[in-house]
Every structure is written in C-alpha cells, then in structure tokens.
Amino acid sequence: VELSYSKYDIDTHSASLIGGGVTPFPSSQSFGDAESFAVMASAYYDVDLGGIDPFIGGGLGWGRVKADGFGVTPLIGALPGGVALDDSDSGLAYHITAGLSFDITDTIKAEVGYRYQGINADLASVTAASRSFDLTSHNAFVGVRVGF
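Residues numbered from 1 in each chain as written. Predicted model: local features only at pLDDT ≥ 70, side-chain atom pairs only at ≥ 80, totals over all residues. Heavy atoms only, no water.

1. What to know about the nonpolar core
Here comes step 1: In terms of nonpolar packing, the biggest core is built from 15 residues, with Val65, Phe70, Leu85, Leu123 and Phe133 touching the most fellow members.
Here comes step 2: The set of elements that each furnish at least two residues to this core consists of β4 (30–46), β5 (52–72), β6 (82–103), β7 (108–124) and β8 (130–146).
Here comes step 3: For Phe133, the residues in contact, after removing those within four places along its chain, are Val65, Phe70, Leu85, Ile119, Asn120, Ala121 and Leu123. (Core = buried A, V, L, I, M, F, W, Y, C linked by side-chain atoms within 4.5 Å. Buried < 20%, exposed > 50% of the residue type's maximum accessible area, 1.4 Å probe, protein only. Helix = DSSP H or I, 4+ residues; strand = E, 2+ residues; numbered from the N terminus. Contact = heavy atoms within 4.5 Å.)

2. Description of the sheet that holds β8
Here comes step 1: Spatially, six strands are ordered β1-β4-β5-β6-β7-β8 in an open sheet, and the strand pairing comes out antiparallel. Here the strands that pair on one side only, and so sit at the sheet edges, are β1 (2–9) and β8. The sheet shows a mean angle of 20 degrees between the axes of neighbouring strands, direction not considered.
Here comes step 2: Here β1 pairs with β4 via eight bridges, running antiparallel. For Tyr5, the partnering residue across the bridge sits in β4 and is Phe37. (Pairing = 2+ DSSP bridges. Axes fitted to C-alpha atoms, helices over the stretch in contact; angles between N-to-C directions.)

3. Focus: the pairing of β8
Here comes step 1: Of the pairings in the sheet, the one linking β7 to β8 comprises 17 bridges and is antiparallel in character. In the strand pairing of β8, Gly118 is matched with Thr136.
Here comes step 2: Hairpin connection, β7 to β8: the antiparallel pair is bridged by five residues, and Ala128 has positive phi, about 75 degrees.

4. Things to note about a nonpolar patch on the surface
Here comes step 1: A cluster of nonpolar side chains, Ile52, Leu100, Phe102, Val112 and Val142, forms an exposed patch at the surface whose accessible area comes to about 440 Å².
Here comes step 2: Along the polypeptide, Leu100 turns up in strand β6.
Here comes step 3: The class of Leu100 is partly exposed, set by a relative accessible area of 36%. (Patch = residues over 30% accessible without salt bridge, like charges linked within 9 Å, V, L, I, M, F, W, Y side chains within 5 Å. Areas by Shrake-Rupley, 256 points an atom, 1.4 Å probe, with all protein chains shown as cover. Salt bridge = Lys/Arg side-chain N within 4 Å of Asp/Glu carboxyl O.)

5. A short note on the environment of Ala41
Here comes step 1: When you line up the elements, Ala41 lands in strand β4.
Here comes step 2: Along the sequence, Ala41 and Ala93 sit 52 residues apart, while their C-alpha atoms lie 10.0 Å from each other.
Here comes step 3: When residues no more than four places from it in sequence are discounted, the contact partners of Ala41 are Gly58, Gly59 and Leu60.

6. Description of the pattern of salt bridges
Here comes step 1: Evaluated as defined, the whole model comprises seven salt bridges.
Here comes step 2: Residue Asp53 is joined to Lys109 by a salt bridge in which the shortest nitrogen-to-oxygen separation is 3.3 Å. Within this pair, whereas Asp53 is found in strand β5, its partner Lys109 is found in strand β7, the two being separated by 56 residues in sequence. Each member of the pair, Asp53 as well as Lys109, is classed as buried.
Here comes step 3: Close ionic contact of Arg145 with Glu111 constitutes a salt bridge, the shortest N to O distance being 2.5 Å. Here the residue Arg145 occupies a position in strand β8, and Glu111 occupies one in strand β7, the gap between them amounting to 34 residues.
Here comes step 4: Salt bridges sharing common partners tie together Lys7, Asp33 and Glu35.

7. Points about the side chain of Arg145
Here comes step 1: Residue Arg145 is classed as buried on the basis of its relative accessible area, which comes to 14%.
Here comes step 2: Polar contacts involving the side chain of Arg145 include one to the side chain of Glu111, which spans 2.5 Å.
Here comes step 3: Contact partners of Arg145, with chain neighbours within four places excluded, come to Tyr44, Asp46, Phe55, Ser101, Thr107, Ile108, Lys109 and Glu111. (Polar contact = N/O pair within 3.5 Å; in protein donor to acceptor, adjacent residues only side chain to side chain.)

8. With respect to the layout of surface pockets
Here comes step 1: By volume, the second largest pocket is sized at about 530 Å³.
Here comes step 2: Together, 22 residues line the second largest pocket, and Glu2, Ser42, Tyr44, Glu111 and Arg115 are the ones closest to its centre.
Here comes step 3: Elements supplying a minimum of two residues to the lining of the second largest pocket: β1, β4, β7 and β8.
Here comes step 4: The element best represented in the lining of the second largest pocket is β8, accounting for seven residues.
Here comes step 5: Residues belonging to the lining of the second largest pocket are distributed by class as follows: 10 nonpolar, seven polar and five charged. (1 Å grid on protein atoms, 1.4 Å probe; cavity = no way out; pocket = protein on both sides within 12 Å on 5 of 7 lines; lining within 4 Å. Points joined across faces, edges and corners; volume = space filled by probe spheres on them. Nonpolar A, V, L, I, M, F, W, Y, C, P; charged D, E, K, R; others polar.)

If you want it as structure tokens, here you go:
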C-alpha cells in the first residue's frame, strides 16, 4: 500500500476552443497550481542478481486532484485573461515504476527509481464546463520497501 502527495506549479497549459482546436498558453501567460493525493495498492517484481536488483512495478487505487486558480494573464488585443479552473475531484490513480533495489536486510530494501503516475478526474471550469482531467507526472525517487 502506498500513499503519495504532490504539489505542482503550472508552467503552461492549453484550452479547448469552441468549435474545435486547442490554444496553447506559454509560461509567460500561465498561472495556478495543482495538488494530488493518492492511495494505491502496488506490486513489484525484483530480478534477483544478488544485492543490486532491477525491479518493475505498478499500482492502482484512488486519487484526488485539486486545481487551484488555473488561468492566463490577458494580452492586449488577445483573448481575455483570468482564472479558468478552480475545482477538485477524485478518480482512478495509477503508476508504472522501474528502478534498482539494494538489500539492507532479508526483508528491507532501499530503492532508487523512476515513476510515471496519473490520476483521472472530472473538473469543471469557472463556466461550469466539465472536462476529463488526467494529472500525470514523471518522478525520480529514493525509498525503502518492507517485504513480508
């Protein structure tokens, strides 16, 4: 079982246009932040090489996403600015993980690795338009695992 919490600053984002298409907003116009919390059941497979062992793993569970003040700064002669998204929701959380583990004892391992994690949620914009929102992240980590 794993618990995770992350906080993200928004560097860039995009908006769907009425009638189709997507408008990207660069970092000079974008603002806001997001938080996520997840609880997942995870499984790992270690390749026993005698001390330093590669592993792969994955997990599924529940996550909560909070988008706080996503918006754009208005530019003269362009689209109006302001906050566009300020909502939270819960949904499916998942991760795929790979790395190396190091034996500390027979049941405890230190690890270093990479994780791709996502949480699916439905968030509503300030105009009440609901969209599927998939908050994904790429993470390097150091940790400890206890086996049974």
